[in-house]
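Working through the structure, step by step
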Amino acid sequence: MSKNYPFTLQELPYSYDALSPVLGNETLHFHHDKHMNTYVDNLNKALEPHTEFHGLTLEELLTKLNELPQAAQTAVRNNGGGVYNHQLYFSTLTSPNSETKISSALQDAIDRDFGGFEKMIAELKKAALGRFGSGWAYVVTNKDGVLSICSTPNQDVPNLCEFVPLMTVDVWEHAYYLDYQNRRPDYFDAIISLINWDVVSKRYEER
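Described below are features of the structure shown in this document. (Residues numbered from 1 in each chain as written. Predicted model: local features only at pLDDT ≥ 70, side-chain atom pairs only at ≥ 80, totals over all residues. Heavy atoms only, no water.)

1. What about the pattern of salt bridges?
Opposite charge on two side chains allows them to pair when their charged atoms are near. Worth spelling out the cut-off: By convention in these notes, a salt bridge is any Lys or Arg side-chain nitrogen within 4 Å of a carboxyl oxygen on Asp or Glu. Secondary structure counts use DSSP, requiring at least four H or I residues in a row for a helix and at least two E residues in a row for a strand, with both numbered from the N terminus. Three labels apply to residues, based on accessible area from a 1.4 Å probe with only protein chains included: buried if under 20% of the type maximum, exposed if over 50%, partly exposed otherwise in between.
As enumerated under the stated definition, the model contains four salt bridges in all. As a salt-bridge pair, Arg 77 and Asp 156 come within 2.8 Å of each other at their nearest N and O atoms. Here Arg 77, found in helix α3 (residues 70-91), pairs with Asp 156, found in the loop between β2 (147-153) and β3 (163-170); they are 79 residues apart in sequence, far enough to count as distant. A relative accessible area of 15% places Asp 156 in the buried class. Residue Arg 183 pairs with Asp 186 through a salt bridge whose shortest N-O separation is 2.9 Å. Note on Asp 186: relative accessible area 38%, which makes it partly exposed.

2. Some words on the packing of aromatic side chains
Applicable threshold: Stacked, edge-to-face and tilted labels apply to pairs of Phe, Tyr and Trp rings (six-membered ring for Trp) whose centres lie within 6.5 Å, assigned for plane angles under 30 degrees, over 60, and everything in between, in that order.
Inspection of the entire model under this criterion finds five aromatic pairs. Ring geometry for Tyr 89 versus Trp 136: centroids 6.1 Å apart, planes at 75 degrees, classification edge-to-face. Residue Tyr 89 is found in helix α3, and its partner Trp 136 is found in strand β1 (residues 135-142); the two are separated by 47 residues along the sequence. Each member of the pair, Tyr 89 as well as Trp 136, carries the same accessibility label: buried. Ring plane angle 20 degrees and centroid distance 4.6 Å describe the contact between Tyr 176 and Tyr 187, whose orientation is recorded as stacked. Placement of Tyr 176 in the loop between β3 and α6 (177-180) and of Tyr 187 in helix α7 (residues 184-191) is noted, with a sequence separation of eleven residues between them. For the pair shown, Tyr 176 and Tyr 187 are each scored as buried.

Below you can see the structure in the form of structure tokens.
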């Protein structure tokens, strides 16, 4: 994906059938090619008349919303957030057969801040299942490497001035309905098996 306007749809880092049977081919085509692409298109439409902001990266746009013209703020917040969240979500998934590993630095932080991996996942699940309606659950780190869990509604993102999101679980129904219908707990348990801990660890170390 391009770093600034006009933004383009980021390609999946795997084939459409790579996440099966956890997430099916149809789900990925629908979710990535239609939903995410719509956010990209709408973000570009919102920014098109505001040429003074065309040089900003996606993260800069989301951290400087108040500097945008008021008429564009909501559209950039919703659609820019949609692009950011989906980029993070898709980039931190991998095939069920992949062998990825949590780095020692990230594992130490997990043990320190949550009391172990299983407790972190339990807290993340609580956030994901507790999000009423559509939204996201994240594992984030602050600049000092302290981990925490947070959740946002709709396409809002965590405070990017304070936190670096390491991974996220999409709990919009379109992310899982074709495969799990309304069974969000089953979807959550399954999606955790797809997390690419190599990517998550790299994000932690590059914070």
